[in-house]
Each structure stands twice: as C-alpha cells, then as structure tokens.
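If you want the building blocks of each chain, they are given just below.
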Amino acid sequence: MATEYRTETIFTWGAPPLKFGVGALDEIGFDLGQMGLSRVLIVTDEGVAATGIPQRAAEALQGAGLKPTIFTGVHVEPTDQSLREAVDFARDTEWDGFLAVGGGSSIDTAKAINLLTTNPGDLMDYINKPVGGGKAPSGPLKPLIAVPTTAGTGSESTAMCILDVLALRVKTGISHPKLRPVLAVVDPLTTLTVPPHVTAATGLDVLCHALESYTAKHYESYARRLPEQRAVYVGSNPVSDAFIEKALPLLSRSFRRAVLTGHDLAARTDMLMAASFAGMGFGNAGVHLPHACAYPIAGRVRGYRPPDYPQAEAMVPHGESVSLTAPAAFRFTFPASPERHLRAAALLDPGTGHRSTGDAGDPRERLPRAIVSLMRDIGMPSGIGAVGFIEDDIPDLVEGTLKQQRILAMAPREVMPEDLAAIFRNSIDNW
Ligand SMILES: NC(=O)c1ccc[n+]([C@@H]2O[C@H](COP(=O)([O-])OP(=O)(O)OC[C@H]3O[C@@H](n4cnc5c(N)ncnc54)[C@H](O)[C@@H]3O)[C@@H](O)[C@H]2O)c1
Ligand SMILES: [Zn+2]
C-alpha cells in the first residue's frame, strides 16, 4: 500500500489555460463570450486605467455583446481595508464573472472579490492560519480571467491572494486552488508602458520566484500528507523545475534591456514569458527565505518612496523587498543543494563559472554575485539600509519573518532566528 510511505511520494501541479502573445488582449471579447459571460466586472487600479488598457478590454467585451463595468479602486499592494472596500463595491451587482487587468495588485483584488461575493463569511475567515481562520471556500467561485500588465507576480496562474493586514503589520495571504483564474491572457503589448522602476522591481519578483522555487525543499522530503492536507505549495518538483529552467535564460537575456529600453517589444515579450513560467513554477513549488524576509521589510517601511510608484504612502514594492535579502539568503541555503544553486547561477549569468577574480572563484558566491550584478545594473537600492533600515531594526525584522512559518518551512535548510538576523545584517548593503 502506497499509504505506508512515511515521506511524500506525490506532487501536484496546476495552472490555468494560457493565451500568450502580441494582440492576445484584442481577442478577450471572443474568449469571454465563449464562456457565456455577460455582466463582467473589470478590476484594475488608477495607474493601469491611465494607460487605457482596461478601457480597450471593455470595448472588446462590448463589441462581443457583453456588459462590462470598470472598477479602478484597487490599492497598489492590497490591504485588508482595500479588499473589503472592493468587495463592498462588487456586492451591489450580480456578476457572471471577473476580468482582472493589471499587476498582482489588481489580480489579487479580483481573487478576493470573487471569493467573498460567492462564498459566505469574512475576509479573515479565509486568510491563512495563524493570522486568519484558514477556511476553504465551501461553494464554487465565478470565472476569473486575468490579464497581467506587469512582468511580475505570475498571479494570473497562481492560487494565492496576498494582502497586508494593517492592524497586525503583517503581509499574508489566502491560498486555495479555487482562487486560480480560469484563463490567463498574456499580451506583451500591455507591458510597454510599465515605467523603469516598476519594470525593475517586478522583474526581480520574477527572478526570486524562479530562484526560490528551484531551490525550495524537495517535495519528497516532506512527511506524507493525506489528500485533504495537500497544500498549494508542494516543494520543488520536476514540472516546476522545467519551467524555471526556461525562465532564467529569458531573464538573463532581456531583463536589463526591458528596464533600459521599455519600448523593446522583444525584451518585454521575454520578460512576460519569464514571469508566466516563473508563476507556473513557484505557484506550485513555493517560495522561501527572500519572500519570508520581504514581508516585514514591506510591512515596517517608514519613509521610503520609490520613483514611478504612487507617492501618497511610503512603500517598498514587493519585488524590491524580495530582492534585498536574496544574495544573503542564497549564500545561506547554498550547502543544502550546491548543484541547484550553481545551475541557477549558470542559467542566469552564463559567464559566472569562468571568472576567477575575487569571490567568483568561490562556488557559494556565484549566485549572489549574479543577483547583485543584475540589481546594480537596473538601479535597485543596495540593501535594506538604502530603504531606511538600520542594525537596530533587525530584531523587529526577524520577529516579523518568524511569523511566515508556512514559507519558512519551504526553505531547504532549517532556519533559526540567529540565521535570519545574520541574513538581514548581511543585507544592509549588498555592494
Ligand atoms: N498572488 C500571487 O501569486 C502574488 C505573487 C507575488 C506577488 N503578489 C502581490 O502582487 C502585488 C504586486 O503586484 P505587481 O508587482 O505586479 O505590481 P502592482 O500591481 O502593484 O503595480 C505596480 C504599479 O505599476 C503600475 N502599472 C501596472 N501595470 C502597468 C502598465 N502596463 N503600465 C503602466 N503602469 C502600470 C500600477 O498602476 C502600480 O502603480 C503585491 O501586493 C504582491 O504581494 C502576488
Ligand atoms: Zn513574489
């Protein structure tokens, strides 16, 4: 009997159907019409609305005889409060389905709207334990179609919705397979207007999704789970690996170009492909240390206001917050799987193994160096010091990271509080 195995023998992998390519958005009326939808809520933010892309989607839906309404109230990096407001807006009408047009913020807001307008209960009931009740939706959700306009989160293919719980100063999420969009429509033309700093930050999110899922604890090293216990994140696995091995060379070839020459459609296409592939990878395998450390960095920000983002509130954008501890985190995880770290470094920076100057001769430094070289070239801050944290903040950052037990459990090495403190200390200045 297979159930006698004490360690896991099974992995699961899921992603929605994908329509990818230049002009894909123009076919959205046909696609949603085929699903039999009529009243559709388009969910977006003001920055994306200013590009005219959601309006183009609405016109395409009208052309196919559907009845779209545009909601532009998404908060850049959603909070419990912004999600509640969005859900309240959506409750007034009976929708047939939802169309998210925007970055992760818009797609995640659409996931929350879909969940809470179709299933009973409060937002907190569904948020992952221990912050929320970890409840699973009891009934079906409506179709959600996602059009990502950043080469970023991969949220169009994941089963996660990430939010800030303001009162607790903690970033957490809701994860359930029912949250996954039913179709991802991915059109590189929608990303040509993304400003340089947003291109840089969102691209680093892609990079960290790829590197963290590739080096995550392997699915076979977990204790055997019962079917009802299987989580969305299963650990690194052969299918996720295959997508990541495709994503990294695309980032290597086109990330710098996409930031420096935003109108370069070939570079934008590579980046969006990399984001999709990384989403299909990490959305099943999971992420670990850089994402766990990022949540308190973003949640405890004081005065940092990055260019190209809304200036009303201080923020460390998700991708930026994730990248700041990545060099130190991968230096820490290296001994758990040197061959995976070296393969990732070689895919990201093919020259990395051949240099013999400085630290480059030390295999453990190859991946951190490849990340730092990219971060410098695309104008990212040099570490948590540059976004306003000092040595005295480290205990607070460690305490915030320890709340991310679900993600920390995906790390390939056991992590103690003093290891986290060392990672933050080494990340004050990466160069
Ligand atoms: N659900 C998941 O699987 C998942 C994974 C990673 C991150 N996230 C979450 O996603 C959010 C971040 O999403 P993001 O990084 O995609 O950015 P975002 O959605 O927050 O958008 C960032 C900024 O870029 C602007 N923008 C977006 N597309 C544009 C375009 N085409 N042209 C011009 N401006 C544009 C927006 O108006 C906004 O000001 C965070 O809350 C993060 O925690 C979710
Ligand atoms: Zn991320």
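That block above? That's the structure.
The rules behind the values
Residues numbered from 1 in each chain as written. Chains lettered and ligands numbered in written order. Predicted model: local features only at pLDDT ≥ 70, side-chain atom pairs only at ≥ 80, totals over all residues. Heavy atoms only, no water. Donors = N, O, S within 2.8 Å, 3.2 Å for Na, K, Ca; no water. Tetrahedral: all angles 85-135°; square planar, octahedral: opposite > 155°, others 65-115°. Helix = DSSP H or I, 4+ residues; strand = E, 2+ residues; numbered from the N terminus. Near = heavy atom within 4 Å. Polar contact = N/O pair within 3.5 Å; in protein donor to acceptor, adjacent residues only side chain to side chain. Areas by Shrake-Rupley, 256 points an atom, 1.4 Å probe, with all protein chains shown as cover. Nonpolar A, V, L, I, M, F, W, Y, C, P; charged D, E, K, R; others polar. Pairing = 2+ DSSP bridges. Axes fitted to C-alpha atoms, helices over the stretch in contact; angles between N-to-C directions. Contact = heavy atoms within 4.5 Å. Salt bridge = Lys/Arg side-chain N within 4 Å of Asp/Glu carboxyl O. Buried < 20%, exposed > 50% of the residue type's maximum accessible area, 1.4 Å probe, protein only. Arc of directions from axis to C-beta. 1 Å grid on protein atoms, 1.4 Å probe; cavity = no way out; pocket = protein on both sides within 12 Å on 5 of 7 lines; lining within 4 Å. Points joined across faces, edges and corners; volume = space filled by probe spheres on them. Disulfide = S-S within 2.5 Å. Core = buried A, V, L, I, M, F, W, Y, C linked by side-chain atoms within 4.5 Å.

S.K.: Please explain the coordination of the zinc ion (ligand 2) as it appears in this structure.
M.R.: Each angle at a metal carrying four tetrahedral donors should ideally be 109.5 degrees, and each at a metal carrying six octahedral donors should ideally be 90 or 180 degrees. Only Asp205 (OD), His209 (NE2), His291 (NE2) and His318 (NE2) from the protein coordinate the zinc ion (ligand 2), and they sit 2.1 to 2.2 Å from it. Each of the 4 donor atoms bound to the zinc ion (ligand 2) contributes to angles spanning 84 to 164 degrees, and the resulting shape is irregular. Motif for the zinc ion (ligand 2), donor spacing along one chain: D-x3-H-x81-H-x26-H. Of the two residues, Asp205 and His209 are both situated in helix H7 (residues 196-215); the distance of 4 residues between them amounts to about one turn of the helix.

S.K.: Help me out: how do you make sense of the site of ligand 1 in this one?
M.R.: Around ligand 1 there are 32 residues in total, and Gly104, Ser105, Thr150, Thr158 and Thr193 lie nearest to it. Gly104 is positioned such that a nitrogen or oxygen atom in its backbone is 2.8 Å from an oxygen atom of ligand 1. The fraction of the free accessible surface of ligand 1 (870 Å²) that becomes covered by protein chains is 96%. Residues belonging to the shell around ligand 1 are distributed by class as follows: 11 nonpolar, 15 polar and 6 charged.

S.K.: In this structure, what is going on with the sheet that holds strand S5 (residues 144-148)? I would like to understand it.
M.R.: Strand pairing in a sheet takes place through backbone hydrogen bonds and is either antiparallel or parallel in direction. What the 6 strands build is an open sheet, ordered S1-S8-S5-S4-S2-S3; its pairing is parallel. Lying at the two open borders of the sheet, with one neighbouring strand each, are strand S1 (18-20) and strand S3 (67-71). The mean angle between the axes of side-by-side strands here comes to 20 degrees, regardless of whether they run parallel or antiparallel. Sheet topology note: the S5/strand S8 (residues 183-186) ladder contains 2 bridges and is parallel. Among the inter-strand pairings, Ile145 is bridged to a residue of S8, identified as Leu183. Seen against the sheet, helix H3 (residues 53-63) touches strand S2 (39-43), S3 and strand S4 (97-102) and runs at an angle of roughly 165 degrees to S3.

S.K.: Just to check I follow, could you spell out the pattern of salt bridges for this structure?
M.R.: Where charged atoms of side chains with opposite charge meet at close range, the side chains can pair. Per the stated rule, a full pass over the model turns up 19 salt bridges. A salt bridge links Asp396 to Arg300; its shortest N-O distance comes to 2.6 Å. Within this pair, whereas Asp396 is found in helix H15 (residues 394-402), its partner Arg300 is found in the loop between helix H10 (289-299) and helix H11 (318-323), the two being separated by 96 residues in sequence. The class for Asp396 is partly exposed, based on a relative accessible area of 30%. Each member of the salt-bridge network shares a partner with another, and the members are Arg169, Arg300, Asp396, Glu399 and Lys403.

S.K.: Any chance you could explain the pairing of S2 here in plain terms?
M.R.: If a strand is regular, its side chains alternate between the two faces of the sheet. With 4 of 5 residues buried, S2 lies mostly within the body of the structure. As paired strands, S2 and S3 are joined by 5 bridges and run parallel to one another. When the sheet's bridge partners are listed, Leu41 is paired in S3 with Thr69.

S.K.: Is there a simple way to think about the environment of Val287 in this case?
M.R.: Along the chain, Val287 turns up in the loop between helix H9 (265-285) and H10. For Val287, a relative accessible area of 2% gives the class buried. Spatially, the C-alpha atom of Val287 lies 14 Å from that of Ala159, the residues being 128 residues apart in sequence. Dropping the residues within four chain positions of it, Val287 is found in contact with His209, Glu212, Tyr233, Phe282, Ile407 and Met410.

S.K.: Is there a simple way to think about helix H13 (residues 338-348) in this case?
M.R.: Among all positions in H13, only Arg340, His341, Ala344, Ala345, Leu347 and Leu348 are buried. The buried residues of H13 occupy an angular sector of 165 degrees when the element is viewed end-on, so they sit on one face. Of the surrounding elements, those touching the buried residues of H13 are H7, helix H8 (238-260), helix H12 (326-333) and helix H14 (366-377).

S.K.: Is there a simple way to think about empty space enclosed by the protein in this case?
M.R.: Gaps between atoms show up when a probe of the same size as a water molecule is rolled over them. By the definition in use, this model includes 2 cavities of 30 Å³ or more. The computed volume of the largest cavity comes to approximately 70 Å³. In terms of lining residues, the largest cavity is bounded by Thr150, Ala151, Thr191, Val194, Thr199, Thr202, Gly203, Arg268 and Met271. Where the lining of the largest cavity is concerned, the elements lending two or more residues are H7 and H9. The biggest single contributor to the lining of the largest cavity is H7, with 3 residues. For the lining of the largest cavity, a count of residues per class yields 3 nonpolar, 5 polar and 1 charged. Considering only enclosed or pocket space, the second largest cavity measures out at about 30 Å³ in volume. Only strand S7 (170-175) and H10 provide two or more residues apiece to the lining of the second largest cavity. Here the lining of the second largest cavity is built from residues that sort into 3 nonpolar, 2 polar and 4 charged.

S.K.: Is there a simple way to think about the layout of surface pockets in this case?
M.R.: Counted as a void, the second largest pocket has a volume near 680 Å³. For the second largest pocket, the lining is made up of 25 residues, of which Ser175, Gln229, Arg230, Ala231 and Val232 are closest to its centre. When grouped by side-chain class, the residues that make up the lining of the second largest pocket number 11 nonpolar, 7 polar and 7 charged.

S.K.: Whenever I open this one, the environment of Ile42 confuses me. Can you help?
M.R.: Structurally, the position occupied by Ile42 is in strand S2. Here the alpha-carbon distance between Ile42 and Ala274, two residues 232 residues apart in the chain, equals 25 Å. Setting aside anything within four residues of it in sequence, one finds Ile42 in contact with Pro54, Ala57, Ala58, Leu61, Pro68, Thr69, Ile70, Phe71, Leu99 and Val101.

S.K.: What am I meant to see in the state of the cysteines here?
M.R.: A covalent bond between the sulfur atoms of two cysteines is what we call a disulfide. Applying the stated criterion across every chain, the model contains 0 disulfides. There is no disulfide at Cys208, and the cysteine sulfur nearest it, in Cys293, is 11 Å away. Given the relative accessible area of 1%, Cys208 is considered buried.

S.K.: What is the right way to read the nonpolar core from this model?
M.R.: One recurring pattern in soluble globular proteins: nonpolar side chains tend to sit buried together. The biggest cluster of nonpolar side chains holds 77 residues, and the ones touching the most others in it are Leu207, Leu248, Leu251, Leu289, Leu348 and Ile371. If we skip the residues at most four places from it in the chain, Leu289 touches Glu212, Ala329, Phe332, Thr333, Leu408, Ala411, Val415, Leu420 and Ile423. By size, the runner-up hydrophobic cluster in this structure holds 29 residues, among which are Val74, Ala86, Trp95 and Ala112.

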